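# Overview (structure and organization)
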Amino acid sequence: MELNNNLSDKAKEDLNLVIRAVEKNDQSAYDEIMRRYKDAVFFTVLKMIKNRDDAEDLTLDSFGKAFKNIHRYNSNFAFSTWLFRIATNNCIDFIRKKRLNTCSLDQPMDGEQGDNYTVNIQSEALNPEEEVMKDQRVISIRSVVQKLKPKYRQLIEMRYYDELSYEEIAQKLDLPLGTVKAQLFRAKELLSAMLENVRSNF
């Protein structure tokens, strides 16, 4: 990955951070990228989603996807453009899933030719075998969560088991909100890597 002289000064600074992140696995470079763009990405996502908690989760998820695929970034374009495209696509996927989940299946739908049609969808209820597999996955995830460092395990449990908001977690732990978000992002990264490792061993 080479420095592109056609980029703006800010984009060149970003590219230097990306190079450090990719070539040296420099954690401080990842932290600086997140510090630079976290608020901007959050407000972009919030405009699309209209829900602060969902926007917080999608923001962290967008950075997770960007960092996981950072080696694919094309330095002919500004890093911020690439990052915001990931965040926007993430929101579009989220909105599509929500629409699918809230679509009424009892009412006939309008066809392109002015005709009506109904949709028959197979029940999503799990059969006994699938229920057992789902339970085993839950047990597996919980066992992996237990292997996290105590501070990360506590954050994951509070956010996803107790379903507390970021603000509630910050209040309960007496920590700055930014610290909670950064540590939870790191906890999700570690958990994802550990789960990937578990899956690859099966």
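For the structure itself, look to the data block above.
The structure contained in this document is the topic of the report that follows. Predicted model only: the values in this text are computed from it and were never measured.

The subject of this paragraph is the packing of aromatic side chains. Evaluation of the coordinates by the stated rule reveals 9 aromatic pairs. Measuring from ring centre to ring centre gives 4.8 Å for tyrosine 30 and phenylalanine 67, while their planes differ by 70°; the resulting arrangement is edge-to-face. Residue tyrosine 30 is found in helix 2 (residues 27–49), and its partner phenylalanine 67 is found in helix 3 (residues 52–68); the two are separated by 37 residues along the sequence. Classification of tyrosine 30 as buried rests on a relative accessible area of 13%. Residue phenylalanine 67 is classed as buried on the basis of its relative accessible area of 7%. Ring centres 6.5 Å apart and planes at 55° place the aromatic pair tyrosine 37 and phenylalanine 79 in the tilted group. One end of the pair, tyrosine 37, is in helix 2; the other, phenylalanine 79, is in helix 4 (residues 79–102), with 42 residues separating them in the sequence. Assessed through its relative accessible area of 6%, tyrosine 37 is described here as buried. Of the residues examined, phenylalanine 79 reaches a relative accessible area of 1% and is grouped as buried. A connected cluster of aromatic rings, assembled from ring pairs, spans Tyr37, Tyr73, Phe79, Trp82 and Phe84. The ring of tyrosine 166 is capped by arginine 159, whose NZ or CZ atom sits 4.3 Å from the centre of that ring. Lying across the ring of phenylalanine 42, lysine 181 places its NZ or CZ 5.7 Å from the centre.

What follows covers helix 1 (residues 9–24). A rise of 1.5 Å per residue sets the reference length of helix 1, with its 16 residues, at 22 Å; its end C-alpha atoms lie 22 Å apart and thus fit the reference within 8%. Listed as buried for helix 1 are Ala11, Asp14, Leu15, Leu17, Val18, Ile19 and Ala21. Just downstream of helix 1, asparagine 25 is the residue with a positive phi angle, here 50°.

Our next topic: the pattern of salt bridges. For the coordinates displayed, the defined rule picks out 10 salt bridges. Here arginine 36 and glutamate 13 are joined by a salt bridge, their closest N and O atoms 2.8 Å apart. Highlighted residues: arginine 36 in helix 2 and glutamate 13 in helix 1, separated in sequence by 23 residues. The residue glutamate 189 makes a salt bridge to arginine 186 at a minimum N-O spacing of 3.0 Å.

This next bit is on the environment of glutamate 189. Here glutamate 189 lies in helix 8 (residues 177–200). Look at glutamate 189 and you get partly exposed, because its relative accessible area is 25%. C-alpha of glutamate 189 to C-alpha of aspartate 61: the two residues are 128 residues apart in sequence and 9.5 Å apart in space.

Nonpolar side chains tend to gather and get buried jointly when the protein is soluble and globular. Counting residues in hydrophobic clusters, the biggest one holds 47 residues, and the most contacted among them are Val45, Phe63, Phe67, Ile70 and Phe79. At the level of secondary structure, the elements contributing two or more residues to this core comprise helix 1, helix 2, helix 3, helix 4, helix 5 (128–145), helix 6 (150–161), helix 7 (166–173) and helix 8. Sort the elements by how many residues they give to this core and helix 2 lands first, with 10 residues. With sequence-adjacent residues up to four places away left out, phenylalanine 63 is seen in contact with Ile33, Met34, Tyr37, Lys38, Val41, Leu83 and Phe185.

Further remarks concern the packing of helix 6 against helix 7. Interhelical geometry of helix 6 versus helix 7 gives an angle of 135° and a closest axis separation of 10 Å. Considered as vectors, helix 6 and helix 7 are oriented oblique to each other. Between helix 6 and helix 7 lies a crossing whose hand is right-handed. On the side of helix 6, the interface is formed by Gln154, Leu155, Met158 and Arg159, while helix 7 contributes Tyr166, Ile169, Lys172 and Leu173. Of the residues contributing to the contact of helix 6 with helix 7, the split by class is 5 nonpolar, 1 polar and 2 charged.

A few words on helix 3. In this model, helix 3 (17 residues) spans 24 Å end to end at C-alpha, consistent with the 24 Å of a helix rising 1.5 Å per residue. The complete set of buried residues in helix 3 reads Ala55, Glu56, Asp57, Leu58, Thr59, Leu60, Ser62, Phe63, Ala66 and Phe67. Two or three places before aspartate 53, at the opening of helix 3, asparagine 51 has a side-chain oxygen 3.1 Å from that residue's backbone nitrogen.

What counts, and where the lines are drawn
Residues numbered from 1 in each chain as written. Predicted model: local features only at pLDDT ≥ 70, side-chain atom pairs only at ≥ 80, totals over all residues. Heavy atoms only, no water. Phe/Tyr/Trp six-rings, centres within 6.5 Å; stacked < 30°, edge-to-face > 60°. Helix = DSSP H or I, 4+ residues; strand = E, 2+ residues; numbered from the N terminus. Buried < 20%, exposed > 50% of the residue type's maximum accessible area, 1.4 Å probe, protein only. Lys NZ or Arg CZ within 6 Å of the ring centre and 35° of its normal. Expected span 1.5 Å × (residues − 1). Salt bridge = Lys/Arg side-chain N within 4 Å of Asp/Glu carboxyl O. Core = buried A, V, L, I, M, F, W, Y, C linked by side-chain atoms within 4.5 Å. Contact = heavy atoms within 4.5 Å. Axes fitted to C-alpha atoms, helices over the stretch in contact; angles between N-to-C directions. Parallel < 35°, antiparallel > 145°, perpendicular 65-115°, else oblique. Left-handed = near helix turned anticlockwise from the far one by under 90°. Nonpolar A, V, L, I, M, F, W, Y, C, P; charged D, E, K, R; others polar. Polar contact = N/O pair within 3.5 Å; in protein donor to acceptor, adjacent residues only side chain to side chain.

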